[in-house]
Amino acid sequence: MSLDGKTIFMSGGSRGIGLAIAKKCAADGANVVIAAKTDKPHPKLDGTIHTAAAEIEAAGGKALGVVCDIRDEANVKQAVDAAVQRFGGIDICINNASAISLTPTSATPMKRYDLMNQVNARGTFLVSQTCLPHLMKADNPHIMNIAPPLDMNPKWFKMHTAYTMAKYGMSMCTLGMAEEFRGKVAVNSLWPMTSIDTAAVRNVLGGDSMAKMSRTPEIMADAAYIVLNQDAKTYTGQFIIDEFILGETGTTDFAQYQQPDYDGPLMADFFIPQDWLDKSVSKIIQNPGYEG
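Residues numbered from 1 in each chain as written. Predicted model: local features only at pLDDT ≥ 70, side-chain atom pairs only at ≥ 80, totals over all residues. Heavy atoms only, no water.

K.L.:
Help me understand the nonpolar core, please; the structure alone is not making it clear to me.
P.N.:
Within soluble globular proteins, side chains that are nonpolar tend to cluster in buried spots. Residues F9, I21, I34, I94 and M144 are the most contacted members of the largest nonpolar core, which totals 92 residues. Ranked by residues supplied to this core, first place goes to helix α9 (residues 218-228) with 9 residues. (Core = buried A, V, L, I, M, F, W, Y, C linked by side-chain atoms within 4.5 Å. Buried < 20%, exposed > 50% of the residue type's maximum accessible area, 1.4 Å probe, protein only. Helix = DSSP H or I, 4+ residues; strand = E, 2+ residues; numbered from the N terminus.)

As structure tokens, then:
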């Protein structure tokens, strides 16, 4: 397996899961385009497109940071054009950018509803659509969405209908485009079994206590690397869980992805069916808000 010389167009990616995936691919010699909004340092968030590009190149790849708001059609086209001009084409599209607000219906302002649906569902569709003409020319083209399995249990909707609708919009892009481009471009979703220690977890979802019960972004990077090396003509339409694909390909040490000096239960991510949690190699607990 190798991604040497492949060009990856990634939405978001200046930090967290996206950056971890970018650096994993860069270690093979991949070219990575980080299309994100963070051009200048943020007071509460680590990383910009420039620091991400530096880390990618330090890992062994080539990088291009492009300021891009994936809600803007012209902006996305400009970013894709810049990627093609710099690297000659696009082999892989990773829809990593996402917006989250875990609010009930009565407490979700329409501005926040619009943001989530524009970034998650519409942004994934737009970035994929814009990359497709270039992907169709690639040898082993992949679209990978950081999106969950489509488990239609009402418990995933009752606490944050707007967010679930927006996130499942990304998953429906996987479902539909995989069939539309079967045999030509692989389209898959990748999702973590547990919460992942990112800025969203520390600043929005649960703070340091939840971060302690989370795995590191490297588990998603290692899983993504396996997915992106599959035969695009046959490996498509999959809703992949990081732990499962790693286990299927020989990984047995999942403690490497846990926080140092912590051996307690891990927190399940959203949208993971209970019977999938029961198959985990680790002790994983469901968030109490989703039990029952």
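K.L.:
I keep staring at the packing of aromatic side chains and nothing clicks. Help me out?
P.N.:
Counted by the stated rule, this structure contains 11 aromatic pairs. Where W156 meets Y290, the ring centres are 5.0 Å apart and the plane angle is 40°; that geometry is what we call tilted. A residue pair is termed long-range when its members are at least 10 positions apart, and W156 in helix α5 (residues 155-158) and Y290 in the segment after β9 (284-285) qualify at 134 residues. With relative accessibility at 0%, the residue W156 sits in the buried group. Assessed through its relative accessible area of 3%, Y290 is described here as buried. Relative to W276, the ring of F244 lies with its centre 6.3 Å away and its plane at 55°, an arrangement referred to as tilted. One end of the pair, F244, is in helix α10 (residues 242-248); the other, W276, is in helix α11 (residues 274-277), and 32 residues separate them in sequence. By relative accessible area, F244 is classed as partly exposed at 22%. Through pairs of rings, three or more aromatic residues link up here, namely W156, F157, Y163, Y168, W191, F270, F271 and Y290. Looking at K24, its charged tip hangs above the ring of Y225, at a distance of 5.3 Å from the centre. (Phe/Tyr/Trp six-rings, centres within 6.5 Å; stacked < 30°, edge-to-face > 60°. Lys NZ or Arg CZ within 6 Å of the ring centre and 35° of its normal.)

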